[in-house]
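Residues per chain are reported as follows:
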Amino acid sequence: MEQKGLIKWVLIALLIVCVFQLVFHLPTLKVERNADTYAQEASSAISDPVAKYNVEKTARIRYLDSMSGKEIFSLPLLKKYTYSDLKKQQLALGLDLKGGMSSIIQIDLRDFLVSLSNNNSDPLFKSALDNADKALANSQADYITLFAQEYKKVAPNQKLAALFSRSSTLKDQMNFETSDGDVQRIIRKLADETVDLTFNRIKDRIDKFGAVQPNISLDKKRDMILVELPGVDNPERARKYLQASAKLEFFEVYRLSDPGVYDALLSADKKLKAMMSGDTSAVVNTPKYTLQNRYEFKRDSLGNIIDSTLVGVDSIPTSKDPFADAGPLFKMLTPNGNSGQGWNFTQCVIGTVDKSNKDRVLEMLNKAEIKSLFPNDLIFRAAQKPYQVKDAEEANSNLEIYALKTKNSGAAALDGERIARAFATSDPVKGDVVVSLSMDNKGAKIWGDMTTKAANDNNREIAITLDDEVVSSPRVNEPILGGSSQISGNFTIDEAKDLSNILQVGKLPAKTKIVSDQIIGPSLGKENIDKSLWSIVGGFLLTLLFMVLYYTGGGFVSIIALGLNIIFILASLASFGTVLTLPGIAGLVLTMGMAVDANIIIYERIKEELAAGRSYLQAISEGFKHSLSAIIDSHVTALLSSIVLFYYGLGPVKGFALVLIIGIIFSVFTSVLVSRLIIEWWVGKGNKLSFASDFTARLFKNVNFDWVGNRKYAYIFSGILTLIGFISFFTRGFELGVEFKGGYSMNVHFDKEVDVEKLRNSLTTSFGANPIVKKCRY
């Protein structure tokens, strides 16, 4: 065999890599055993099993967190490794083996295009964006390509350059004459930069989230991010953490006592009522009521006003209650007011609304006809959380609506780009959990100017918003000149930590939304690990048994090559930072069959050469030589299919394809090259190696079947099967899972036998859908 020295060198190098990966694994095992011991000691006095599990889990995480930055292993003269460093070098287990949360995040490029177009209000532009949003759900193309296609449909005679050439970002890269293809290429390049930055920001966030060995990957073809967070037991917290764009802004505010604001609010309700009646041109002349009057409203369970009572100290015309004939706005929005003992809320709050009606109220207030009633620089924002009601028996669901003041450009006076440091702490006076902020020099100057202006203007409030929701509106009693601030918003410790981490990393360049997520419990993960190990061991033992019984000595060589193949695959996956999932294990088991299949082709060819009268060494040489083309053909076709799966697949499908690709490459290496190296080494020592027992040598020797002569029967059989398949496809169709139709997928364990049909019927009755219920035996 030519290049025998090179093959030996590659084999030795691969074995060194495998040993290196094993060395990385051992120190972390010791730390994790210590963590288990620490967790058991922490829960030793607890008898309740649920509480015991929670305490053990918390204690184990706390111990591993404390060890994450400590040095636990070093290579002399090379490098020192912490626990966290070593875990990153190891083969991580997927969620289906470990439990946790898996999410596919779509990077939303719609706002990116709107921003590039200088907020172009062309209805054709908006129509193309809407159509691209719809097309994205069923297309493999990226959003920029879909938008360009849809714009061409709705505006066939207009050029893309007309939308974007006025942008300050693009004016140096294009003009009105730039072709649509060049415009699309330029925008796609900028979009790629935005996607990459968003991906990196999310990676930085996840590093601070605390999940052990998270898996984050980017699919640039569809601007999607796959995030797998092993061990996550609070999915809602994780969802908020992943999707928050962290757009932090500081606004000056309007007060209801400012000239015209309260009157405009009353006029807005009346004008909306007139508009709903069809009188869109109605001019509403609303009498000016004094602010020392307010109306308390009695509402039904849906938040609709059913009664009102005037509470006030000033005299107003009592002949007409201004809210008795409430329009659509005041049927959902309870205006802020002053009973003479103080305002119900801070004056920058125009009113409160049930959170179920928030979007409708903001939509009304943002109508062009309604906004014209208010100052040009006034915008409305809702609170992030319902306000707290002291001694309330039921949880409050009402949100405050704020009147904020923007700069001439429509932006906030200060934004989160000026934040240098953010951390969670507690307010030394109130004891509340808050997020403390430190700003850079430019931010400190702007903040000083803002707080000075607010303090001198009757201690006016400043509103702090996060992702367009007000999280805090502190009243400024004195100027703050040091560039420091606090955000208070009834935070829990976890919420404050998450917010500080998000602000520290920085806001996302583009919005994100979770289009799919899956939660897998740790108990199911443990069962999957056990079954996966048994599948690998079982497959290996069955293959070993067959090869040894059928090919005797040659079978042993195949098993050695197969063992090396599995070790090389696992070491390669660990080196690439790949996560091993259940589909990956399926790919591993499939690879085992493909690996020995190559050896079977070689051994059968060697047996034919021996039967043809060739010498032992000649038969081995010719057997390997003439079987190579068949092995390459079969492996190349499988490799091409795997590459297609890897290119188009996401998550588990991509993991399966990657294992298969690596497995196919190593199968050829071990089955053809390594096994020949072993055989030639063994024979070179003067030993004989059998490729069949007495029984298997005669097993199919005299079988003579005319395959070609009977081909017409094969044609008929294949045609019938194909016809049945087509009929089934057009009549019954496929049972599409949640990956294609959306919805929820759950694994439920029952203590006793369950009738699947009854369960399916019950779910159909309850949800009005046709659920897919499959029974699995564990």
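Computed from a predicted model, the values in this text were never measured in an experiment.

1. What about the nonpolar core?
Part 1 of the argument: Within the largest apolar cluster, 42 residues are counted, with the highest numbers of intra-cluster contacts made by F112, L113, F147 and F164.
Part 2 of the argument: Within the residue set of this core, elements represented by two or more residues are β4 (100–108), α5 (110–116), α6 (123–136), α7 (143–154), α8 (161–164), α9 (180–209), β6 (224–230) and α10 (235–243).
Part 3 of the argument: The element contributing the most residues to this core is α9, with nine residues.
Part 4 of the argument: If you look at the next biggest cluster of nonpolar residues, it comprises 28 residues, including L266, L272, L329 and A403.

2. A look at the sheet that holds strand β15 (residues 419–426)
Part 1 of the argument: Pairing within the open sheet is antiparallel, and its three strands lie in the order β15-β16-β19. Edge positions in the sheet fall to β15 and β19 (484–488), since each of these pairs with one other strand and no more. This sheet shows a mean twist of 25° between the axes of neighbouring strands, independent of strand direction.
Part 2 of the argument: Relative to strand β16 (residues 433–439), β15 runs antiparallel, the two sharing seven bridges. Bridge pairing in β16 links S426 to V433.
Part 3 of the argument: Sheet strands in contact with helix α14 (residues 441–456) are β16 and β19, and its direction is about 110° off that of β16.

3. Some remarks on the pairing of β6
Part 1 of the argument: Among the seven residues in β6, seven count as buried, and that is most of the element.
Part 2 of the argument: Examined bridge by bridge, β4 and β6 share seven bridges and lie antiparallel to one another. Residue pairing across strands places I105 opposite I225, the latter belonging to β6.
Part 3 of the argument: Summarising the sheet, strand β5 (residues 215–219) and β6 pair through five bridges and their orientation is antiparallel. In the strand pairing of β6, D219 is matched with M224.
Part 4 of the argument: Between β5 and β6, which pair antiparallel and follow one another directly, the connecting turn spans four residues, one of which, D223, has a positive phi of 55°.

4. A word on unusual backbone geometry
Part 1 of the argument: Positive phi, close to 50°, is recorded for N459, a residue that is not glycine.
Part 2 of the argument: Along the polypeptide, N459 turns up in the loop between α14 and β17 (462–466).
Part 3 of the argument: Its identity as a non-glycine residue notwithstanding, D468 has a phi of 65°, on the positive side.
Part 4 of the argument: Summarising the element assignment, D468 is placed in the loop between β17 and β18 (469–472).
Part 5 of the argument: You can call D468 partly exposed: its relative accessible area is 27%.

5. Here we look at the packing of aromatic side chains
Part 1 of the argument: Applying the stated criterion to the full structure yields 17 aromatic pairs.
Part 2 of the argument: Centroid distance F125 to F147: 5.7 Å. Interplanar angle 90°. Geometry classified as edge-to-face. Placement of F125 in helix α6 and of F147 in helix α7 is noted, with a sequence separation of 22 residues between them.
Part 3 of the argument: Taking the centre distance of 6.3 Å and the plane angle of 75° together, the rings of F147 and F164 count as edge-to-face. Linking F147 in helix α7 with F164 in helix α8, this pair joins segments that are 17 residues apart in sequence. The burial state of F147 is the same as that of F164; both residues are buried.
Part 4 of the argument: Taken together, the ring pairs in this structure connect F546, Y550, Y551, Y603 and F691 into an aromatic cluster.
Part 5 of the argument: Across the ring face of Y254, the terminal group of K405 is positioned such that the distance to the ring centre comes to 5.5 Å.
Part 6 of the argument: Sitting above the plane of the Y616 ring, K688 keeps its charged end 4.1 Å from the centroid.

6. Looking at the environment of V589
Part 1 of the argument: You can see V589 is positioned in helix α17 (residues 582–611).
Part 2 of the argument: Sequence spacing of V589 and V659 is 70 residues, and the spatial spacing of their C-alpha atoms is 9.9 Å.
Part 3 of the argument: Beyond its immediate stretch of four places on either side in the chain, V589 contacts S535 and I536.

7. A closer look at the environment of G555
Part 1 of the argument: You can see G555 is positioned in helix α16 (residues 522–575).
Part 2 of the argument: Sequence separation of G555 and S690 is 135 residues, and the distance between their C-alpha atoms is 9.0 Å.
Part 3 of the argument: What G555 contacts, discounting residues up to four positions off in sequence, is M547, V548 and Y603.

8. Regarding the side chain of E252
Part 1 of the argument: Checked against the element boundaries, E252 lands in strand β7 (residues 248–253).
Part 2 of the argument: Separated by 3.3 Å, the side chains of E252 and K453 make a polar contact.
Part 3 of the argument: Look past the residues within four positions of E252 in its chain and what remains in contact with it is L404, K405, M450 and K453.

9. Here we look at a nonpolar patch on the surface
Part 1 of the argument: A contiguous nonpolar patch, built from F695, L699, F700, V703, F705, W707 and V708 and spanning about 830 Å² of accessible area, is present on the exposed surface.
Part 2 of the argument: You can see F695 is positioned in helix α20 (residues 694–699).
Part 3 of the argument: A relative accessible area of 55% places F695 in the exposed class.

Cut-offs applied
Residues numbered from 1 in each chain as written. Predicted model: local features only at pLDDT ≥ 70, side-chain atom pairs only at ≥ 80, totals over all residues. Heavy atoms only, no water. Core = buried A, V, L, I, M, F, W, Y, C linked by side-chain atoms within 4.5 Å. Buried < 20%, exposed > 50% of the residue type's maximum accessible area, 1.4 Å probe, protein only. Helix = DSSP H or I, 4+ residues; strand = E, 2+ residues; numbered from the N terminus. Pairing = 2+ DSSP bridges. Axes fitted to C-alpha atoms, helices over the stretch in contact; angles between N-to-C directions. Contact = heavy atoms within 4.5 Å. Phe/Tyr/Trp six-rings, centres within 6.5 Å; stacked < 30°, edge-to-face > 60°. Lys NZ or Arg CZ within 6 Å of the ring centre and 35° of its normal. Polar contact = N/O pair within 3.5 Å; in protein donor to acceptor, adjacent residues only side chain to side chain. Patch = residues over 30% accessible without salt bridge, like charges linked within 9 Å, V, L, I, M, F, W, Y side chains within 5 Å. Areas by Shrake-Rupley, 256 points an atom, 1.4 Å probe, with all protein chains shown as cover. Salt bridge = Lys/Arg side-chain N within 4 Å of Asp/Glu carboxyl O.

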